[in-house]
Amino acid sequence: VAAVFGLFVISVVVLVNLVGRERPYVTGPHVGVIEVSGLIADAKPIVDKLVEFRKDSDVKAVVVRIDSPGGEVGPSQEIYEEVLKTAKVKKVVASLGGVAASGGYYIAAACSKIVSNPGTITGSIGVLVEFANVEGLLKKVGVEGDVVKAGAFKDMGSPLRHMTVQERAIVQGVLDSVHMQFIKAVAEGRKLPVEKVRAIADGRIMSGEQAKAAGLVDNLGSLQD
């Protein structure tokens with residue numbers, strides 16, 4: 001009876017552990033996989049997982065599976081920095097899925113090695129901001145918009161009017177600054193000269209095969225590879 005009761009207690013403990021964990025119950029050395037998919041807008045879940053894997057002695061290497069067209073600059077940079085920290089402790093390999101462009105490639109550049117499918121759409125090293133102008137449409141339907149502001153550039157990019165020359169110069173300055181940050185991050189992560197990265201950092205997309213020829217990818221292969 002004591003033996004049966006002991007076995008029952010052990011079974012309950014194991015079951016509780018299995019239910020309480022986010023990933024399957026794994027013991028011993030293994031590879032941790034983190035998925036970065038869709039638009040990049042919130043860095044916290046990915047950063048938290050990187051920290052968890054970095055501290056877990058059973059995780060011997062990390063694969064960052066990227067299937068994303070990019071997203072916001074700030075979150076992409078946060079994940080990039082956390083990958084760099086992790087890569088100093090453990091091998092971190094990027095696996096590029098269908099698309100790993102813009103912010104998706106920004107993150108990949110921080111990894112120890114990048115593996116891409118030959119047909120993966122990647123690259124797109126550039127920065128974009130778009131503004132809509134509906135001033136003409138509003139005039140056609142007899143609608144006018146009024147803006148009250150404190151600060152000459154507070155309504156910069158308003159859809160109610162065209163941008164001024166000064167406003168366009170301000171926006172362009174911000175984009176140029178962020179673009180250069182992107183170029184430097186890729187150059188440092190890939191150990192390439194800044195000028196070589198700048199030459200292809202015009203927003204162009206490329207296949208995984210082309211990216212390998214350009215030095216942006218290490219090997220061609222799948223997630224299983």
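It should be noted that the structure appears before, not after, this text.
Definitions and cut-offs
- Here the residue numbering is sequential within each chain, running from 1 through the sequence in written order.
- For a predicted model such as this one, the threshold for reporting local features is a pLDDT of at least 70, and the threshold for listing and counting side-chain atom pairs is 80 or more; totals across whole chains, interfaces and linings nevertheless cover every residue.
- Excluded from the side-chain calculation are hydrogens and water; included are all heavy atoms of the structure.
- Definitions used for this entry: grid spacing 1 Å over protein atoms alone; cavity, a set of points where a 1.4 Å probe fits but cannot get out; pocket, an open set with protein on both sides within 12 Å along at least 5 of 7 lines; lining residue, one with an atom within 4 Å of a point.
- Grid points are joined across faces, edges and corners, and a volume is the space filled by probe spheres set on the points.
- Strands are runs of DSSP state E lasting at least two residues, helices are runs of H or I lasting at least four, and both sets are numbered from the N terminus onward.
- Residues are grouped as follows: Ala, Val, Leu, Ile, Met, Phe, Trp, Tyr, Cys and Pro are nonpolar; Asp, Glu, Lys and Arg are charged; all remaining types, including Gly, are polar.
- Residue types Ala, Val, Leu, Ile, Met, Phe, Trp, Tyr and Cys, when buried and joined through side-chain atoms within 4.5 Å, form a set referred to as a nonpolar core.
- Accessibility here uses a 1.4 Å probe with only protein chains present; expressed as a share of the type maximum, an area under 20% marks a residue as buried, one over 50% as exposed, and anything in between as partly exposed.
- Residues are treated as being in contact if the distance between any of their heavy atoms lies within 4.5 Å.
- Only when DSSP finds a minimum of two bridges between them are two strands counted as paired.
- Every crossover in which the path from the first strand over the helix to the second runs clockwise, viewed with the strands pointing away from the viewer, is termed right-handed.

(A) Quick peek at the layout of surface pockets. By volume, the largest pocket amounts to about 160 Å³. The wall of the largest pocket is formed by Leu84, Ala87, Ala109, Ala110, Cys111, Ser112, Glu188, Gly189, Arg190, Lys191 and Asp218. Where the lining of the largest pocket is concerned, the elements lending two or more residues are helix H3 (73–87) and helix H6 (165–190). When residues of the lining of the largest pocket are assigned to their parent elements, the largest contribution, 3 residues, is made by H6. Residues belonging to the lining of the largest pocket are distributed by class as follows: 5 nonpolar, 2 polar and 4 charged.

(B) Expanded view of the nonpolar core. If you look at the biggest cluster of nonpolar residues, it comprises 42 residues, and the most contacted ones within it are Ile66, Ile79 and Leu216. Of all the elements, H6 adds the most residues to this core, at 5 residues. Not counting chain neighbours up to four residues away, the residues in contact with Leu216 comprise Tyr105, Ile114, Ile125, Val186, Arg190, Leu192, Ile200, Met206 and Ala211.

(C) Main features of the pairing of strand S3 (residues 91–101). Inspection of the sheet shows strand S2 (residues 59–68) paired to S3 by 7 bridges, in the parallel sense. Directly across from Arg65, in S3, lies its bridge partner Ser95. A crossover links S2 with its parallel partner S3, the connecting element being H3, and its sense is right-handed. Both S3 and strand S4 (residues 113–116) contribute to a ladder of 4 bridges, which runs parallel. By the bridge assignment for S4, Val93 is matched with Lys113. Viewed along the sheet, the connection from S3 through helix H4 (residues 103–108) into S4 turns out right-handed.

Keep in mind these numbers describe shape, not what the thing actually does.
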